Amino acid sequence: MKTFLRLYIDSYQGLSRPAWLLALVMLVNRTGAMVLPFLGLYMTQALGFSIREVGVVLACFGLGAITGSWLGGWLTDRFGNFWVQALSLLAAIPLFLLLPLFTSIHTLAVAIYVLSVVTESFRPANSVSVARYARPENITRAFSLNRMAINLGFSVGPALGGFLASISYHWIFYGNAIGTFVAAMIFMLFFYRRKGMVRTKSADRTTEVTSTSRSPYRDWPFVLFSFLCCGYAICFFQLLNTLPLFYQKVHALDEQQVGLILGFSGLVVVIFEMLLVHMAERRLTYAVSIALGTFLSALSFAMLPIPTGYWILYASIFLLSISEILAMPFMASVAVQRASRQNQGAYMGLNALAFSTAHVFSPFLGTRIADQFGFNTLWVGTTIALIGISIGFHLVVKKM
């Protein structure tokens, strides 16, 4: 027990103060992030959309995320990560407040696209911030701390969102706007004119030699790695679109029960992420950790067709959360290690682009397969795809 506690404490040591402050910003922002997990339920319950129409609107979120990821990386390399993050947060506030006014499929799709462009431009700039403010030896744990804050917020946000949605779906949009406003104020207060960690000249020179400020789009091993990240994310993001519909339509759960399951996912990540990442950094290579995490995701979806009780949903989401812990922080670390200081925004932008592209295909494919062939076919297909992606990760990252 003492060894376990010592490992747990050690996993948090060595992280810089700005890394903790960035995590605080993400915690506040994600605590208020209630819209996306309930967007599918909002469109089917409040607006009367079909499952296919829900897939179209959620795919527009993905298209906006693609645009925002590229734009955020491009702007970050030219104007700095602070201004991109600050403007993204501030511009999102009125968009969340206006969103309930759009009730047709066409107007809502356009509004969701614009909102996604604005909010997702935050992602590459934030990733660059984490890399800049972290000590070189703690980059993966700095990303893990940031993601732990996201998931702590995600454990509270959906539970709160489920409560607000039971009153009125409009309240989840207002709650999201409030959370974004508070996060923007904290971020600008703490990070205005704050400088990043000072790198040694030798370290900078080594990084420049290895990457020579190349474009990530011409770095073919990294491009292939990004395709695999996209495939993983297409499967994983069923968590945000088809899984809530599956809970409601197959298991007859209400909004609050769906919120509790999603909140449990975030809680698992909060409790175990820093410890497991710390242990993985010591004992596993990037290739093994990412491949193992992807395989656990396959097991998670393989459990869903099992005709048992309510407990299987929690067991499945637990495995999916462990998968996220072992895979995603190391994916970000691969992108950071592959880039130079001059093109970190571009590399993190491509990394974010892989996940943003998944936001298009995940709801579009997921809702259509579920509607035409049933949810069990969707889960079996997802399982098979993830096993193949796991093997691909191990081969590609090992060579990189």
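The coordinates are above.
First things first, this report covers the structure right here in the doc. (Residues numbered from 1 in each chain as written. Predicted model: local features only at pLDDT ≥ 70, side-chain atom pairs only at ≥ 80, totals over all residues. Heavy atoms only, no water.)

## Brief notes about the packing of aromatic side chains
We count it as follows: For Phe, Tyr and Trp, rings pair up if their centres lie within 6.5 Å, where Trp contributes its six-membered ring, and each pair is then called stacked (planes under 30 degrees apart), edge-to-face (over 60) or tilted (otherwise). Elements are defined by DSSP. Helices are runs of H or I of four residues or more, strands are runs of E of two residues or more, and each kind is numbered from the N terminus. Between buried and exposed lies partly exposed: a residue is buried under 20% and exposed over 50% of the maximum accessible area for its type, with that area taken using a 1.4 Å probe on protein chains only. Here, over-ring charges are defined by two tests on the NZ atom of lysine or the CZ atom of arginine: distance to the ring centre within 6 Å, and angle to the ring normal within 35 degrees.
The tally for this structure, following the rule as stated, stands at 25 aromatic pairs. Consider the rings of phenylalanine 264 and tyrosine 314, whose centres lie 5.2 Å apart with planes at 75°: the pair is edge-to-face. On the criterion of sequence distance, the pair formed by phenylalanine 264 in helix H13 (residues 255–283) and tyrosine 314 in helix H15 (residues 311–338) is long-range, its members being 50 residues apart. With 5.5 Å between their ring centres and 90° between their planes, tyrosine 310 and tyrosine 314 make a pair best called edge-to-face. The exposure class assigned to tyrosine 310 is partly exposed, which follows from its relative accessible area of 34%. We classify tyrosine 314 as partly exposed; its relative accessible area is 24%. By way of ring pairs, the aromatic residues Phe82, Trp83, Tyr133, Phe187, Phe191 and Tyr192 are connected into one cluster. Above the plane of the ring of phenylalanine 364 lies arginine 368, whose end atom (NZ or CZ) is 4.2 Å from the centre.

## Regarding empty space enclosed by the protein
Where we set the bar: The way it works is a 1 Å grid over only the protein atoms, where trapped points that fit a 1.4 Å probe form a cavity and open points with protein on both sides within 12 Å along at least five of seven lines form a pocket, and then any residue with an atom within 4 Å of a point lines it. Grid points are joined across faces, edges and corners, and a volume is the space filled by probe spheres set on the points. Each residue is assigned to one of three groups, with Ala, Val, Leu, Ile, Met, Phe, Trp, Tyr, Cys and Pro labelled nonpolar, Asp, Glu, Lys and Arg labelled charged, and all others, Gly among them, labelled polar.
Overall, the coordinates contain three cavities of 30 Å³ or more when judged by the stated rule. Of the voids in this model, the largest cavity is the one considered here, and its volume is about 1100 Å³. Around the largest cavity, the lining comprises 44 residues; the ones closest to its centre are Met26, Arg30, Glu120, Arg123 and Ile150. In terms of residues, the lining of the largest cavity owes the most to one element, helix H8 (residues 139–167), which gives six residues. Partitioning the lining of the largest cavity into residue classes produces 28 nonpolar, eleven polar and five charged.

## Things to note about the nonpolar core
Convention followed: In this description, a nonpolar core means a group of buried Ala, Val, Leu, Ile, Met, Phe, Trp, Tyr and Cys residues linked to one another through side-chain atoms lying within 4.5 Å. By definition in these notes, contact holds between two residues if any of their heavy atoms fall within 4.5 Å.
Ranked by internal contacts, the top residues of the largest apolar core, which has 121 residues, are Met43, Phe225, Tyr232, Leu243, Tyr247, Met331 and Phe393. At 15 residues, the largest contribution of residues to this core is made by H15. The contacts of tyrosine 247, once residues within four sequence positions are left out, are Ala252, Leu253, Val258, Ile261, Leu313 and Ile317.

## Focus: the environment of tyrosine 286
Of note, tyrosine 286 is situated in helix H14 (residues 286–303). Among the residues examined, tyrosine 286 registers a relative accessible area of 28% and is labelled partly exposed. Separated by 107 residues in sequence, tyrosine 286 and phenylalanine 393 place their C-alpha atoms 9.5 Å apart. Among all residues touching tyrosine 286, those that are not within four sequence positions of it are Thr140, Phe330, Ser333, Val334, Gln337 and Val397.

## Some words on a nonpolar patch on the surface
Note the threshold: A patch is a set of surface residues, each over 30% in relative accessible area and not in a salt bridge, joined within 9 Å for like charges and within 5 Å for the nonpolar side chains Val, Leu, Ile, Met, Phe, Trp and Tyr. Here the open area of atoms and residues is found with the Shrake-Rupley method and a 1.4 Å probe, where only the protein chains shown may cover a residue. A side-chain nitrogen of Lys or Arg and a carboxyl oxygen of Asp or Glu constitute a salt bridge if their distance falls within 4 Å.
On the surface, Leu97, Leu152, Val156, Leu160, Phe163, Ile167, Trp171 and Tyr174 cluster together into a nonpolar patch covering about 710 Å² of accessible area. Put simply, the parts of the chain that give the nonpolar patch at least two residues each are H8 and helix H9 (170–191). Per-element accounting of the nonpolar patch gives the leading share, five residues, to H8. Looking at the element boundaries, leucine 160 is found in helix H8.

## Considering H13
For the record, the criterion: What a helix should span is 1.5 Å times the count of its residues minus one. The quantity called bend is, for any residue, the angle between two axes fitted respectively to the seven residues ending at it and the seven beginning at it. Polar contact criterion, stated in full: a pair of N or O atoms within 3.5 Å, where within protein one must be able to donate a hydrogen and the other to accept it, and residues adjacent in sequence count only if both atoms are side-chain atoms.
Given a rise of 1.5 Å per residue, 29 residues ought to cover 42 Å, and the 40 Å separating the end C-alpha atoms of H13 matches this to within 8%. The largest bend along H13 reaches roughly 50° and is located at phenylalanine 272. The N-capping residue of H13, defined by a side-chain oxygen 2.8 Å from the backbone nitrogen of glutamine 257, is aspartate 254.

## Side note on the side chain of serine 88
Within the secondary structure, serine 88 is located in helix H5 (residues 81–98). On the basis of relative accessibility, which here comes to 4%, the residue serine 88 falls in the buried class. Within the structure, the side chain of serine 88 is placed 2.6 Å from the backbone oxygen of valine 118, a separation counted as a polar contact. With near-sequence residues (within four places) excluded, serine 88 lies in contact with Val118, Thr119, Ser121 and Phe122.

## Remarks on the side chain of asparagine 81
Its place among the elements puts asparagine 81 in helix H5. A distance of 2.6 Å separates a polar atom in the side chain of asparagine 81 from a polar atom in the side chain of serine 129. Residue contacts for asparagine 81: discarding those within four places in its chain leaves Thr76, Ala125, Val128, Ser129 and Arg132.

## Notes on the environment of tryptophan 379
Looking at where tryptophan 379 falls in the secondary structure, it is placed in helix H17 (residues 375–399). According to the relative accessible area criterion, tryptophan 379 is buried, its value standing at 0%. A sequence separation of 144 residues divides tryptophan 379 from cysteine 235, and the C-alpha atoms of the two residues are 9.2 Å apart.

## Brief notes about the environment of tyrosine 247
Along the chain, tyrosine 247 falls in helix H12 (residues 242–249). Note on tyrosine 247: relative accessible area 1%, which makes it buried. Separated by 63 residues in the primary sequence, tyrosine 247 and tyrosine 310 have C-alpha atoms spaced 9.7 Å apart.

Fair warning: the whole summary comes from geometry, so function is off the table for now.
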